[in-house]
Every structure is written in C-alpha cells, then in structure tokens.
Amino acid sequence: MTSAQVDNNGNDAVRGEASEEGYERGLGSRQVQMIAIGGAIGVGLFLNAGANIAKAGPSLILMYAIAGVIIFFIMRALGELLLYRPVSGSFAEYSREFLGPFFGYFTGWTYWLLWVVTGMAELTAAAIYINYWFPEIPRWVSALVFLVVLFVANLISVKLFGEIEFWFSMIKVTAIIGMIVIGLGVLTFGFSAAGDTAAVSNLWAFDGFFPKGIGSSLMTLQGVMFAYLAVELVGVTAGESENPEKTLPKAINTLPWRIALFYVGALTVILCVVKWTEFAPGVSPFVAAFAKIGIPAGAAIVNFVVLTAALSSCNSGMYSTGRMLRTLADSGEAPKAFNKLSVTKTPALAIGVSVLFMGIGVVLNYVVPDKAFEYVVSVATGAGIWTWLMILVSHVRYRRAVDAGRLPASSFPAPGGATGSWIAIVFLLFVTGLIAYDHEARVSLYVMAGWAVALGIGWLVLKSRNPEVTARRDPDLEKVG
C-alpha cells in the first residue's frame, strides 16, 4: 500500500489530503451547503427551461428527474473520492492518480476552460439584465464593473467568496420557493388571473405528456445537463472547507431533495399554472408564470433573480479557475508563478489571469452576434461532460483498487459501489451522441476536438522540456481529523 496512515484502531485512514496546500479553511458548513444549493440552480433553469418546454412540453419534468438521478450518481462518486482524499482541484487530482498524468493535465485545463467560457457568457448576460432597468448604460461598462467587483472580492478572502455565494444562493432559493408556494396557492384556492385555467390536468390535457414525441423530449437532455453544470463545485471547495468529513457528505446527500424541489417541483407547479403551449424560446418560465398570475413587477423580480444567478456563476468561475490553475502549477503543468498564494491565502495571480481571459470574452460577446452566447454555452456543456466522465471513471478505478486491497475504503462509499458510475457513464455518452446529432449543438464537439489537439501539443512540449512532470507518481496520503 502507498504511504497511507493508520488510525488507532489499525484501520486505514486515507480519507486524507495530499497536503494542506496552504489554503485557509475558511468555508463553514453554512457556506458549503449554500454553494452546493446554488450550484444546482442557475441560468439554465431560470432562462433556458422556456425553450426546452416549447420543445418537450410537460415531459421536460421527467427529463430533469432522470438527469437528476444521474447527477446524484456523479456526486456520490465524487463524494467517495473526496472523503478518500479531499484536495482542492479534486477531479484533476483524481484523474491524475487513477488514469495517469495526461488525464489530470487534460481535466484540469478543461475545467479551467469550462469556467472561463461560462464567465464570459454570464458577464454578458448580467450586463443585458442591467439594461432592463438602465438601457442607457453601455453593456461593456456593466460587464466591466461586475468583473472588477467580483475579482476584488475573490482576492480578499475565501470567506468573502463564500459569503457572497451564500447570499446569491439565498436569493435564488427564495425566488423558487416563492414561486412554488404561490403556484400551489393558485392551484388550491383558485385566486389570481390564472385561477380559472390552472389545473394539474394541464400536464397531459394538451396533446399528452409527450406532445412532441419521446425523441424530441430526449433531445432536450443536452440543455437539461447544462442546467446542472456547477454541482461539482463542492469538490473544488474540499481543500478550503473547515470540516470536509462532515460538510461534504451533508452537501452531497441533500442533492436529491434540492433537485426534486428546485427543478422537478418548480417546473411541475409552473406547468400546472401555465399551459405548456404558452411558453416560447427566450421567455423565462418564471416570468411567464408571474405574468399569468398577475403579480405586479413580476418581470422585474425575475430579472433581479436571474441577474444574481449570472453573477453567482461568474463568482464561482473566478474561484474555481484560480484553484484549478494553481493545482496545475503545483503539478508542473502550468507556470510555477500560479502556485503562489497572496497574504490572504488566495491564488491571486491565477485568479487574475483567469479574469483577464473572462474580460476578453466580454469584448468578444460585445462585437460578435448573439449566436456567440449559445456557442459558449455549448462549449461549457462539452467541457462539463468531460469533467463528469473523468470523475466517474476515476471512481470506477478507485473501487477496483479498494476491492483489490491496494487502497483503503472511503468513509463515504457510493451506494451500489461502481454500478451507479457505470450507469452515469453510459448516460453521458448517450447525451454526447445527442449533441453530435444536433447540428447546432455539435459545434461544441468541434471546439473540444480543437481544444484536445492544442492540449496534446502542449503535453508533448511539456514532456520534452520536463519529462519528470509527465511521469506517474503516487500521491502523499495523510490522515484527516
């Protein structure tokens, strides 16, 4: 066995970290819980669901439920790995350990790309939302202000990042719960302008539960999976959580009810209150529902909530790109300068460089037509699917090592062992096939192929200059707690 530590009872205790990494353990249980909740609620739900409802009708509820089960499999696989060895930049580290140095390198840079392009899109989206109230303010000005404010907040401390994310998530959660409560009131008591037409039968009364056919419903899965991007952010926080053995399992185990409430529950109530035939692409289902019910300033309320969702995503992007870039530098796969921490124990230079690339995205989205936003979203989805696949395959390899006695068991094993991971792998490959079939979405596969070639060239250069970096090496495993 590797350099595992043994506890007082003689049991292997490799629920450890490679090292303390120098980070401040400044994220408490309250903040980790809200980061987990916020990661499961994004612009994909508030905006993109409208287009998917138009494509699939009420069956979209089932698509979110199925995808939610797969996401739970992914997160339980990640949870088992995290309690085996909780480190910041976790999936890249696990890919490096269980699949080889190249996969760690590729996963780390791909996850960095995911959040950089997501940050590009979200900053532009936030500027558009500000235009709702202040049309005279140029979008690039709003985007720049948000970029600078969030950048400074990320530099100050991880505690401030966690606090900002806590309140952003609180706003999103409050809005969704408010929608559910009001919608249930309309269904039960029949008040408001929607009272006469609101009914549970709206879920099947208009051409059935699958009005456009099962095939059309399945095609929405790629958009549904985009809505779930960022749930894995909990894994990035592992190196800075105050008590990862308690906070991480709790955050992951509450995922099913979050999905059931915020996605399945909210969409079910909305589609009971508003007929699915009244939804159209580009219209938020929450805006449509508030308008149908007749709530004053409903559109302005939703616009504010969606603004916080965009800023939350960008805030998370700055956090995760900085940590992932530092992880790559620590492994010799990025410039060593990115490995340095500031006096506040944040990877300031790594965050700064990532923010510069996000800033380029603001300029690009300002001058490029509206399709650029959709392309960026599709690229993020492709990068997200790769990250999830690496988590799952790493988990399968880890379970094999545990069964063979080469590694100790985690204190948070996934139910069913590797079975859930295999199911999720097959599902993600199926979704990749759907993306390839869709002529608009398949641009993400072209971009990912180009990205793979670029990273492959970078790996060959790295190998020629510093072959020790590209050699497989065992992690140093230490007991936690």
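Just above sits the structure.
Draft legend 1. Here's a closer look at the overall build of the chain. Assigned secondary structure in the chain consists of 18 helices and zero strands. Each of the 481 residues in the chain was classed as buried or not, and the buried ones make up 58%. Residue pairs at least 24 apart in sequence account for 82% of intrachain contacts in the chain once pairs closer than 6 positions are excluded. A total of about 18600 Å² of accessible surface is found on the chain, and carbon and sulfur atoms cover 66% of it.

Draft legend 2. Spatial organisation of the side chain of Asn315. Mapped onto the fold, Asn315 is located in helix α14 (residues 298-330). Ignoring any residue separated from it by four or fewer positions in sequence, one finds Asn315 in contact with Leu150, Asn154, Phe161, Ile164 and Glu165.

Draft legend 3. View of unusual backbone geometry. Positive phi outside glycine occurs at Asp207, with the angle close to 70°. Positionally, Asp207 belongs in the loop between α7 (158-189) and α8 (214-219). The exposed category is assigned to Asp207, whose relative accessible area is 67%.

Draft legend 4. Spatial organisation of the packing of aromatic side chains. One pass over the full model with this rule turns up 20 aromatic pairs. An angle of 75° between the planes, with centres 5.5 Å apart, marks the rings of Phe102 and Trp459 as edge-to-face. Within this pair, whereas Phe102 is found in helix α5 (residues 101-133), its partner Trp459 is found in helix α18 (residues 443-465), the two being separated by 357 residues in sequence. Note on Phe102: relative accessible area 28%, which makes it partly exposed. Ring plane angle 80° and centroid distance 5.4 Å describe the contact between Trp109 and Trp112, whose orientation is recorded as edge-to-face. Here Trp112 and Trp109 lie together in helix α5, a separation of three residues that amounts to about one turn. Across the pair, exposure class does not vary: Trp109 and Trp112 are buried alike. Ring-pair connections join several aromatic residues into one group, and the members of that group are Phe102, Phe103, Tyr105, Phe106, Trp386 and Trp459. The ring of Phe412 carries the charged tip of Arg76 above its face, separated from the ring centre by 4.0 Å.

Parameters at a glance
- Along each chain, the written sequence defines residue order, and numbers are assigned to residues from 1.
- Only residues with pLDDT of 70 or above have their local features reported here, since the model is predicted, and side-chain atom pairs are shown and tallied only from 80 upward, although totals for entire chains, interfaces and linings are computed over all residues.
- Only hydrogens and water are set aside; all other atoms, that is, all heavy atoms of the structure, feed into the side-chain values.
- What counts as a helix is a DSSP run of H or I of at least four residues, what counts as a strand is a run of E of at least two, and both are numbered from the N terminus.
- Relative accessibility decides the category of a residue: with a 1.4 Å probe and only protein chains considered, values under 20% of the type maximum give buried, values over 50% give exposed, and everything between is partly exposed.
- Every residue pair with non-hydrogen atoms within 4.5 Å of one another is taken to be in contact.
- Note on areas: these come from Shrake-Rupley sampling with a 1.4 Å probe, and a residue is covered only by the protein chains present in the view.
- Pairing of aromatic rings covers Phe, Tyr and Trp, the last counted by its six-membered ring, and requires centre-to-centre distances within 6.5 Å; plane angles under 30 degrees mean stacked, over 60 mean edge-to-face, and any other angle means tilted.
- Charge-over-ring contacts are defined here by two conditions on Lys NZ or Arg CZ: a distance within 6 Å of the ring centre and an angle within 35 degrees of the ring normal.

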